[in-house]
Amino acid sequence: AARFPPRSPRAPHALRDLRRRRAVRDRAPRRSPGSPPPVGRPVSAAILGTALTLFYPGRAQATRGQGIYFYLPKVDGAEECAWYRDLFDRSRALLSFLKDATIRAIPLVEALPAVYEMEEMLHALGPYAAGLNAARWDLKASIFEFVMADPKAVWPDRFGVDIKTTPFLANIFRRLVAVCLKRG
């Protein structure tokens, strides 16, 4: 386990408290951390979570020769994946222990716009791409959110819409697997 430095009396946040509040998976770049930032001004939750993960457990994993893996939820498309690629690149440039470390990320396809950019998302992540994953309940909710805005669209009860009974959803998951297999 990574060791955290003792709490500084000048620090507005104890690292112990930040670790307890940080989610296992990072938030989307457009979301705020929900608690006061450690530097006294707003910072993206994705930057904070990724930076803390790379700096503390990432250092320990890199020292042991283990990879550092990220699960990227709420990513809407390739632009946000490119943002993560740039963040990983910048982190490598600033943190010498990451120079030769393996860093990989798996975007979670759970928003309708991401369905149409799966290949582009992996391409945008570049060397950090490890594959794709999909969250069917969140994806279904996103589809309903987009479809319900159209008064001409009619969908059955949401509990009747699933991968087995809805070809559109089944094809999304088939496409996700095909995209991942295509990239190796």
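As a starting point, this report considers the structure included with it. Sequence order sets the numbering: in each chain, residues are counted from 1 along the sequence as written. Whole-chain, interface and lining totals are the exception, using all residues; otherwise, since this is a predicted model, local features are given only for residues with pLDDT of at least 70 and side-chain atom pairs are given and counted only at 80 or more. With hydrogens and water stripped out, all remaining heavy atoms of the structure feed into the side-chain values.

**Concerning the sheet that holds strand E1 (residues 68-72)**
Argument step 1. Read from one edge of the open sheet, three strands run E1-E2-E3, paired in parallel fashion. Every other strand in the sheet has two partners, leaving E1 and strand E3 (133-134) as the edge strands with one partner each.
Argument step 2. Bridge analysis of E1 against strand E2 (residues 103-109) gives five bridges, and the strand direction is parallel. Within E2, the position partnered with Ile 68 by the bridge is Ile 103.
Argument step 3. Here helix H6 (residues 118-125) sits on the sheet in contact with E1 and E2, set at roughly 160° to E2. Paired strands, as defined in this entry, are two strands with at least two bridges between them according to DSSP. The way it works is that DSSP assigns letters per residue, a run of H or I at least four long becomes a helix, a run of E at least two long becomes a strand, and they are numbered from the N terminus. Here, two residues are considered to be in contact whenever any of their heavy atoms come within 4.5 Å of each other. Whenever a helix is involved, its axis is fitted only over the stretch in contact; in every case the axis is a line through C-alpha atoms, and angles between N-to-C directions fall within 0 to 180 degrees.

**Re unusual backbone geometry**
Argument step 1. Although it is not a glycine, Lys 74 adopts a positive phi angle of roughly 60°.
Argument step 2. Here Lys 74 lies in the loop between E1 and helix H4 (78-94).
Argument step 3. Residue exposure (1.4 Å probe, protein chains only): buried if accessible area is under 20% of the type maximum, exposed if over 50%, otherwise partly exposed. On the basis of relative accessibility, which here comes to 27%, the residue Lys 74 falls in the partly exposed class.

**Structural notes on the nonpolar core**
Argument step 1. Residues belong to one nonpolar core when they are buried, are Ala, Val, Leu, Ile, Met, Phe, Trp, Tyr or Cys, and are joined through side-chain atoms within 4.5 Å. In this structure, Phe 70, Phe 88, Ile 103, Val 109 and Leu 132 are the most contacted members of the largest nonpolar core, which totals 39 residues.
Argument step 2. The set of elements that each furnish at least two residues to this core consists of helix H2 (45-55), E1, H4, E2, helix H5 (112-115), H6, helix H7 (136-148) and helix H8 (167-183).

**A word on the pairing of E1**
Argument step 1. With burial as the criterion, only one face of E1 is covered, namely that bearing Ile 68, Phe 70 and Leu 72; the residues Tyr 69 and Tyr 71 on the opposite face remain uncovered.
Argument step 2. By convention a crossover is right-handed if, when the strands point away from the viewer, the path from the first strand over the helix to the second runs clockwise. This β-α-β element, E1 to H4 to E2, shows right-handed connectivity.

**A closer look at the pattern of salt bridges**
Argument step 1. The term salt bridge refers to a pairing of a side-chain nitrogen on Lys or Arg with a carboxyl oxygen on Asp or Glu at a separation within 4 Å. According to the stated counting rule, one finds four salt bridges in the structure shown.
Argument step 2. With a shortest N-O distance of 3.2 Å, Asp 86 and Arg 85 are connected by a salt bridge.
Argument step 3. In this structure, the salt-bridge partner of Glu 119 is Lys 182, at a minimum N-O distance of 2.9 Å. Within this pair, whereas Glu 119 is found in helix H6, its partner Lys 182 is found in helix H8, the two being separated by 63 residues in sequence.
Argument step 4. Via salt bridges that share partners, Glu 119, Arg 175 and Lys 182 belong to a single interconnected network.

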